[in-house]
Amino acid sequence: MSQWVQRHGSTTVQLSVAAALGAIAATSIIFTATSIRRRRITEELKASIPELSREHHATQLTEYGGALRPSITNKEDERAAKIAARARKGEYDEELILEQLARNRVFLKDDGLAKLRDAFVVVVGLGGVGSHCVAALARSGVSRIRIVDFDQVTLSSLNRHALATLADVGTPKVHCVRKRLEQICPWARIDCRNELLGSNTTEGLLAKWDYEVGDDEDCREPDWVVDAIDNIDSKVGLLHHCAIKGVRVISSMGAGCKSDPTRVRVGDISMSTDDPLSKSTRRRLRAKGVKDGIPVVFSTEKPGDGKAELLPIAEEEYDRGDVDKLGVLPEFRVRILPVLGTMPAVFGYTVANHVICSVAGYPMDYRVGDRGRDKMYDGLLSGLQGLEERLVRTTDGQDAVGLRIPVSRDDVSYLVEEVFRGKSVVSGLISRLALIRWRKPEGGFRIDESYLKEGQKMVKLPIAALVLMTKEEAQRHEREVLRGDTAPEDLYEPEVINTVRRRHREELSYERYR
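Please read all numbers here as calculations on a predicted model, not as lab measurements.

How each quantity is defined
Here the residue index of a chain counts from 1 through its sequence in written order. Reporting of local features is limited, given that this is a predicted model, to residues whose pLDDT is at least 70; pairs of side-chain atoms are given and counted only at 80 or more, and all residues count toward the totals for whole chains, interfaces and linings. As a convention, hydrogens and water are excluded, and side-chain values are obtained from all of the structure's heavy atoms. Each helix corresponds to a stretch of at least 4 residues labelled H or I by DSSP, and each strand to a stretch of at least 2 residues labelled E; elements are numbered beginning at the N terminus. Relative accessible area decides the class of each residue, using a 1.4 Å probe on protein chains only: under 20% of the type maximum gives buried, over 50% gives exposed, and in between gives partly exposed. Any two residues whose heavy atoms approach within 4.5 Å are treated as being in contact. Only the protein chains shown count as cover for residues, and all accessible areas are computed by the Shrake-Rupley method using a 1.4 Å probe. Under the rule applied, a polar contact is a pair of N or O atoms within 3.5 Å (in protein, one hydrogen donor and one hydrogen acceptor; residues adjacent in sequence only if both atoms are side-chain atoms). The criterion for an aromatic pair is that two Phe, Tyr or Trp rings (for Trp, the six-membered ring) have centres within 6.5 Å, with stacked assigned to planes under 30 degrees apart, edge-to-face to planes over 60 apart and tilted to the rest. Points on a 1 Å grid over protein atoms alone make up a cavity when a 1.4 Å probe fits among them but cannot get out, and a pocket when they form an open set with protein on both sides within 12 Å along at least five of seven lines; lining residues each have an atom within 4 Å of a point. Grid points are joined across faces, edges and corners, and a volume is the space filled by probe spheres set on the points. Each residue is assigned to one class: nonpolar for Ala, Val, Leu, Ile, Met, Phe, Trp, Tyr, Cys and Pro, charged for Asp, Glu, Lys and Arg, and polar for all the others, Gly among them. Nine residue types can take part in a nonpolar core, namely buried Ala, Val, Leu, Ile, Met, Phe, Trp, Tyr and Cys, and a core is a set of them joined through side-chain atoms within 4.5 Å. Assignment of crossover handedness uses the view with strands pointing away from the viewer, where a clockwise path from the first strand over the helix to the second indicates a right-handed crossover. Confidence scores per residue from the predictor, reported as pLDDT, run from 0 to 100. One speaks of a salt bridge when a side-chain nitrogen belonging to Lys or Arg is within 4 Å of a carboxyl oxygen belonging to Asp or Glu.

Here we come to the overall build of the chain. For the chain, the count of helices and strands is 18 helices and 11 strands. Buried positions account for 43% of the 514 residues belonging to the chain. Pairs at least 24 residues apart make up 73% of the contacts formed inside the chain by residues separated by at least 6 positions. Summed over its atoms, the accessible surface of the chain is roughly 28,200 Å², and 52% of this surface lies on carbon and sulfur atoms.

This brings us to the side chain of threonine 281. Within the secondary structure, threonine 281 sits in helix H10 (residues 276-287). Of the residues examined, threonine 281 reaches a relative accessible area of 0% and is grouped as buried. At 2.7 Å, the side chain of threonine 281 forms a polar contact with the backbone oxygen of leucine 277. Contacts of threonine 281, omitting those with residues within four sequence positions, involve Ile232, Lys235, Val236, Leu239, Met253 and Ile269.

For the rest of this paragraph, the subject is helix H14 (residues 409-419). Among the 11 residues in H14, 9 count as buried, and that is most of the element. Of the positions making up H14, those classed as buried are Asp411, Val412, Ser413, Tyr414, Leu415, Val416, Glu417, Glu418 and Val419. Buried residues in H14 make contact with H10, helix H13 (374-393), strand S9 (433-437), strand S11 (466-470) and helix H18 (494-510). Following H14 by one or two positions, arginine 421 has its phi on the positive side, about 55°.

Before going further, it helps to spend a moment on the side chain of serine 131. Mapped onto the elements, serine 131 comes out in helix H6 (residues 128-140). Polar contacts involving the side chain of serine 131 include one to the main-chain carbonyl oxygen of glycine 127, which spans 2.7 Å. The contacts of serine 131, once residues within four sequence positions are left out, are Leu126, Arg160, His161, Ala162 and Leu163.

Take the environment of asparagine 74 next. Mapped onto the secondary structure, asparagine 74 falls in the loop between helix H2 (11-48) and helix H3 (75-88). Residue asparagine 74 is classed as partly exposed on the basis of its relative accessible area of 39%. A C-alpha to C-alpha distance of 9.9 Å links asparagine 74 and alanine 167, two positions 93 residues apart in sequence.

Overall, the coordinates contain 5 aromatic pairs when judged by the stated rule. Ring geometry for tryptophan 209 against tyrosine 211: centres 5.9 Å apart, planes inclined by 90°, an arrangement best described as edge-to-face.

Within this model, the second largest pocket holds a volume of roughly 370 Å³. Lining the second largest pocket are 17 residues, and of these Ala87, Arg88, Arg117, Trp187 and Arg189 sit closest to its centre. When residues of the lining of the second largest pocket are traced back to their parent elements, those giving at least two are H3, helix H4 (94-100) and helix H5 (102-117). Its residues assigned to classes, the lining of the second largest pocket shows 6 nonpolar, 3 polar and 8 charged.

Counting 45 residues, the largest nonpolar core has Leu137, Ile145 and Ile147 as its most contacted members. Among the elements that line this core, the one with the most residues is helix H12 (residues 342-360), at 8 residues. With residues up to four places along the chain from it excluded, the contact list for leucine 137 reads Val121, Val123, Val142, Ile145, Ala352, Val355 and Ile356. Within the second largest apolar cluster, 40 residues are counted, among which are Ile436, Leu461, Ile497 and Tyr510.

The side chains of a regular strand alternate between both faces of the sheet. The buried fraction of strand S3 (residues 189-193) is high, at 5 of 5 residues. Every second residue of S3 is oriented toward a common face, with Arg189, Asp191 and Arg193 on one face and Ile190 and Cys192 on the other, all of them buried. At this point the chain moves from strand S2 (residues 144-148), through helix H7 (residues 173-184), to the parallel S3, and the crossover so formed is right-handed.

This part is about the confidence of the model for the chain. Predicted confidence across the chain gives a mean pLDDT of 84, with 85% of residues reaching 70 or more. Below a pLDDT of 50 lies the segment residues 323-332, which in the model reaches 21 contacts outside its immediate sequence neighbourhood of four places, other chains included.

Next up on the list: the pattern of salt bridges. Going through the model one piece at a time under the given rule, you end up with 40 salt bridges. Notably, a salt bridge pairs lysine 115 with aspartate 111, separated by 3.5 Å at the nearest N-O pair. You can see lysine 115 and its partner aspartate 111 sitting in helix H5, 4 residues apart, about one turn around the helix. A salt bridge links aspartate 151 to lysine 173; the shortest N-O distance between them is 3.9 Å. One end of the pair, aspartate 151, is in the loop between S2 and H7; the other, lysine 173, is in helix H7, with 22 residues separating them in the sequence. Note on lysine 173: relative accessible area 8%, which makes it buried. It is possible to trace a salt-bridge network through shared partners that takes in Arg88, Arg178, Glu182 and Glu212.

Dropping the structure here:
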């Protein structure tokens with residue numbers, strides 16, 4: 001090769017080739033040396049690991065990579081576990097149980113307490129809300145409780161967790177909770193599921209009771225499911241599953257960034273307001289066909305100057321796309337919520353109170369229902385139908401008899417409550433409202449010919465094309481924009497235009513869940 005270079009190349013080429021060959025040789029030497037060093041260090045590290053023995057034992061890892069530490073940390077825990085095991089077999093004085101539950105007994109009466117002691121409740125999520133809820137359920141007499149959580153106790157958990165101590169840091173939450181409840185209510189059976197609830201596990205985690213079932217005892221479905229999850233995907237999946245299966249479920253909305261316990265409410269999910277988690281959950285459930293029928297605990301407290309806020313995800317992460325990939329685990333939250341330690345307890349006890357009263361048949365005076373606005377939605381739908389018929393007649397004299405629009409009452413309620421927050425986009429007024437197209441469609445208001453073949457008269461009307469106004473504003477909008485030649489940008493202030501754009505962008509972002 002050197003002869004070829006001498007014949008065909010200059011001195012510069014010769015030097016370049018020599019340099020390249022030298023670099024390749026040097027790189028090979030470096031990589032070889034590094035590989036030998038890495039192999040030697042690995043062998044030394046393996047040699048330093050002691051053999052398994054009584055002094056050196058291996059600890060099994062969970063499927064999420066955490067250490068599966070034993071939940072019994074001292075002799076007192078071991079003693080309590082033995083007592084609980086005997087109590088669950090019936091070796092516990094009934095009079096002692098009734099004495100411990102005496103205050104509940106006089107409140108709920110014997111029949112109510114008996115129902116409570118016979119109940120089966122599933123609690124999903126054992127953070128601040130779930131731990132306080134499950135503690136209240138067990139202390140009140142519920143004797144079959146299935147607890148579901150994949151996470152471990154951390155130092156940051158201790159500001160709001162009902163049952164964890166410093167010694168529990170690093171242990172699975174389900175085992176920490178079971179251990180404490182065995183010390184409080186040894187007769188209660190606590191079915192621990194150290195699992196992450198997801199689309200593939202929901203069915204099994206909500207299955208019939210099958211933990212330490214007696215010979216004379218039938219497996220039974222859950223009486224209640226408690227949703228104490230703070231991750232939106234898992235929460236929506238659980239609530240949707242319970243709704244379509246007819247399982248009674250109560251959901252805790254966000255306690256993060258809240259500080260006023262007097263604003264905590266119980267109501268139907270269609271009523272929940274002023275909470276981002278509640279809003280996202282409600283909208284995504286509506287997109288799946290579930291608009292009401294799920295009681296929730298939520299706070300009406302509004303954000304304000306000086307109050308805690310959810311820290312935003314950095315813009316560069318949004319620019320990269322797929323911010324959900326930032327989570328440590330799939331279907332799990334990405335950000336840490338600012339939480340005042342007292343508020344999850346308020347939410348948890350409120351949830352437990354609802355379950356206890358419901359199971360025992362105790363009267364609940366607060367209203368858990370919809371907003372009673374069905375008549376308003378029907379009126380808005382009827383007004384939109386009439387408007388579309390008038391507009392169709394203005395285009396080439398089309399016949400509007402029998403005209404149908406692809407908008408339902410559910411769509412109307414969704415637009416009013418979720419997209420436009422029950423307010424006019426023009427003035428912000430909340431009374432005498434109407435739905436109307438925002439822009440005149442290209443080609444005018446024509447009947448969709450694709451439906452005429454089937455003998456139906458239909459117009460194209462995406463719900464993202466509609467806005468909410470007062471009736472007076474809608475009359476002007478119809479006259480100048482839909483019947484006239486004025487563009488919305490020429491009729492309204494920039495603030496109104498920006499509001500409409502923002503609302504329509506929101507709706508389009510939620511369209512994928514519909």
